[in-house]
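Summary of structural features
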Amino acid sequence: MRNLSTIALVSLIVLSACSPKEQPLINQNKQEHSVEVGLAFEGLAEAVKALNHEKYFSYFDEDTFSALNEDGTVLHSFAAFKGMYLPQVQYIQRYQSLTFDKVKIDIIDPNTAILMNEYTAEVVLKSGETVNASGAGTQVWSKRTGTWKLVNVSSSAKP
């Protein structure tokens, strides 16, 4: 009988160690990380609107970056992404509007987050022409370097 009591006591200790007492701390950390990623995303968006390319590029992890473009092509380096991006933005005079809807941030672990969104943009080109665009994107953010950086983006355009 004494063995049974000892087993029961040990079982209770093990079960209590596995109880979800630490869950609020985990949720709090996820919330903090979500806020951090959201702020990084806002900074990225503001850099785009301001046509501040250097600030925009500062949000990318240059060592591990890759992209899936809306046309189905892939880029396996930040240099390739930058080489594609810069020639395109030279034609933009300003963003008349750029909005992001349905933004959702999922924290995978303390160093990884996925952000999904839909966007609409009205862009004024240097030629004076106005172009409208809309679509969606997925971004993978990493805190591997100590700050949240983009390691992967994928995009799609709405017809």
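Structure: above.
Now for a look at the structure at hand.

**Overview of the pattern of salt bridges**
It is possible for side chains of opposite charge to pair when their charged atoms get near one another. One pass over the structure, following the stated rule, counts six salt bridges. For the salt bridge of lysine 143 with glutamate 36, the shortest nitrogen-to-oxygen distance reads 3.0 Å. Placement of lysine 143 in the loop between β5 (130-142) and β6 (149-157) and of glutamate 36 in helix α2 (residues 23-49) is noted, with a sequence separation of 107 residues between them. Across the pair aspartate 106 and lysine 104 runs a salt bridge, and its minimum N-O distance is 3.0 Å. Connected through salt bridges with shared partners, the residues Lys102, Glu118 and Lys158 form a single ionic network.

**What to know about the packing of aromatic side chains**
Within this structure, the stated rule accounts for 13 aromatic pairs. Residues tyrosine 56 and tyrosine 85 carry aromatic rings whose centres are separated by 4.7 Å and whose planes lie at 20° to one another, so their mutual orientation is stacked. With tyrosine 56 in helix α3 (residues 53-57) and tyrosine 85 in helix α4 (residues 78-89), the pair connects residues that are 29 residues apart, well separated along the chain. We classify tyrosine 56 as buried; its relative accessible area is 10%.

Conventions we followed
Residues numbered from 1 in each chain as written. Predicted model: local features only at pLDDT ≥ 70, side-chain atom pairs only at ≥ 80, totals over all residues. Heavy atoms only, no water. Salt bridge = Lys/Arg side-chain N within 4 Å of Asp/Glu carboxyl O. Helix = DSSP H or I, 4+ residues; strand = E, 2+ residues; numbered from the N terminus. Phe/Tyr/Trp six-rings, centres within 6.5 Å; stacked < 30°, edge-to-face > 60°. Buried < 20%, exposed > 50% of the residue type's maximum accessible area, 1.4 Å probe, protein only.

The analysis is restricted to geometry; functional conclusions fall outside its scope.
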